[in-house]
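Geometric and topological summary
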Amino acid sequence: MIEVKNIKKSFGDKTVIQDVSAVMKSGQCNLIIGSSGSGKTVLMKCIVGLFEPDAGQVLYHGQDFTAMNSDEKTEVRKEIGMLFQGSALFDSLTVEQNIMFPLSMFTKWTTKKKLDRVNEVLTRVNLTGVNKKFPAELSGGMKKRVALARAIVLNPKYLFCDEPNSGLDPQTSLVIDKLIQEITIEYNITTVINTHDMNSVMEIGNYILYMYQGNKEWEGTNREIIFSKNERLNEFIFASQFLQDAKDMRMLEESGKISNDRNMDELMDKDAPSLIPPPDE
Ligand SMILES: Nc1ncnc2c1ncn2[C@@H]1O[C@H](COP(=O)(O)OP(=O)(O)OP(=O)(O)O)[C@@H](O)[C@H]1O
Ligand SMILES: [Mg+2]
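Residues numbered from 1 in each chain as written. Chains lettered and ligands numbered in written order. Predicted model: local features only at pLDDT ≥ 70, side-chain atom pairs only at ≥ 80, totals over all residues.

1. What to know about the site of ligand 1
Neighbouring ligand 1 are the residues F11, V16, G34, S36, G37, S38, G39, K40, T41 and V42. It is helix α1 (residues 40-48) that contributes the most residues to the shell around ligand 1, 3 residues altogether. In terms of residue class, the shell around ligand 1 is made up of 3 nonpolar, 6 polar and 1 charged. (Near = placed C-beta within 6 Å. Helix = DSSP H or I, 4+ residues; strand = E, 2+ residues; numbered from the N terminus. Nonpolar A, V, L, I, M, F, W, Y, C, P; charged D, E, K, R; others polar.)

Printed below as a string of structure tokens:
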């Protein structure tokens, strides 16, 4: 679990993160969404420690990361995997060498043990046998999977993905999302994902933090987002008329299910939408 408490970050006199708090649980995909420039990457970098926040705390499993000395921070960093925007593979290294890189940096394993682990994670991302290929020989989706394999090679407790779907077609994006979700659940990882992708929000958003101009404007689950009356959030997520209609349809569907569960009040913002029919007696 990661707890973010009252994080603030400015560059010069420009405040980029206002006062953001969040709880990101293990075994789930925690999404940071918001328009370009809203502060997603800066917030993620504050959480990982690539930026020092001006105020606030980041707790990893209850331990205050912001108060740690550099040796203690290094210990936490060993448990963090990162999937960078654009994959950030080393072009001059093969797939195998790319994935082996963190193992060589952080372990004293034998070459045989490292190779076994490389093959294990390559199989996990459904890319068996591409060991000797160079990044330039791979498609965008394959590169993301190699980058994901590298991010999980040290068995991280925390996985950070900055725009994992950028530059991918919708279907490949779904494959990557599902893979990240499966890995998150399988290894009980606390996964934090920056995304613009509406499909990701609906498919894997266990927890969603919506950033607007450096503030936390809304938080909730992918089911709650359907019922949210937050205008800025709705304009951002359901930008087109088509998506607005899809949201209305989904609300009707969900309201049927939910009214049967008698959980509707919990999910809806105040002022329930009039679209929802009364529950059947
Ligand atoms: N190193 C920096 N120095 C100064 N300003 C910065 C720095 N990094 C980010 N910013 C500013 O902080 C704001 C938020 O940037 P950030 O990269 O977090 O946005 P984002 O939500 O990730 O956007 P995108 O969706 O385009 O990736 C922007 O106004 C940006 O110009
Ligand atoms: Mg960004």
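2. Here's the deal with the environment of G27
Take G27: it is sitting in the loop between β2 (14-24) and β3 (28-33). On the neighbour-count criterion, G27 (14 C-beta atoms within 10 Å) is partly exposed. G27 sits 37 residues away from D64 along the chain, and the two C-alpha atoms are 21 Å apart. (Buried ≥ 20, exposed ≤ 12 C-beta atoms within 10 Å, placed from the backbone.)

3. Quick word on the environment of F101
As for its position among the elements, F101 is in helix α3 (residues 95-106). The spacing of F101 and K114 is 13 residues in sequence and 9.7 Å in space, taken between C-alpha atoms.

4. Some remarks on the sheet that holds strand β4 (residues 55-60)
With antiparallel pairing, 4 strands are arranged side by side in an open sheet as β2-β1-β4-β5. With partners counted over all chains shown, the strands left at the sheet margins are β2 and β5 (63-64), one partner each. With 7 bridges joining them, strand β1 (residues 2-11) and β2 adopt antiparallel strand pairing. Of the residues in β2, the one forming a bridge with K9 is I17. Relative to β1, α1 is tilted by about 120 degrees, and along the sheet it contacts β1, β2 and β4. (Pairing = 2+ DSSP bridges. Contact = placed C-beta atoms within 7 Å. Axes fitted to C-alpha atoms, helices over the stretch in contact; angles between N-to-C directions.)

5. Quick look at the packing of helix α5 (residues 140-152) against helix α6 (residues 170-186)
Packing of α5 against α6 leaves a shortest axis separation of 10 Å and a crossing angle of 15 degrees. By the angle between their axes, α5 is roughly parallel relative to α6. Between α5 and α6 the crossing geometry is right-handed. Taken together, the residues of α6 that come into contact with α5 (itself represented by G141, K144, L148 and I152) are T172, V175, I176, L179, I180 and I183. Residues of the contact of α5 with α6, tallied by class, amount to 7 nonpolar, 2 polar and 1 charged. (Parallel < 35°, antiparallel > 145°, perpendicular 65-115°, else oblique. Left-handed = near helix turned anticlockwise from the far one by under 90°.)

6. Regarding the pairing of β4
Of the pairings in the sheet, the one linking β1 to β4 comprises 5 bridges and is antiparallel in character. Bridging from a neighbouring strand, K5 pairs with Q57 of β4. As paired strands, β4 and β5 are joined by 2 bridges and run antiparallel to one another. In the sheet register, Y60 faces β5, and the bridge partner there is Q63. Following β4, the chain reverses through 2 residues before pairing antiparallel with β5; H61 in that reversal takes a positive phi of roughly 45 degrees.

7. Quick word on α5
For α5, built from 13 residues, the straight-helix expectation of 18 Å at 1.5 Å per residue is met to within 8% by its first-to-last C-alpha distance of 19 Å. The buried count for α5 comes to 10 of 13 residues, which makes it a mostly enclosed element. Contacts from the buried residues of α5 go to β6 (80-83), α3, α4 (111-124), β7 (158-162) and α6. (Expected span 1.5 Å × (residues − 1).)

8. Some thoughts on the domain arrangement of the chain
Assigned domains of the chain: these are domain 1 (2-221) and domain 2 (240-281). Each of domain 1 and domain 2 has a C-alpha centre, and these two points are 33 Å apart. (Domains from an automatic or database assignment.)

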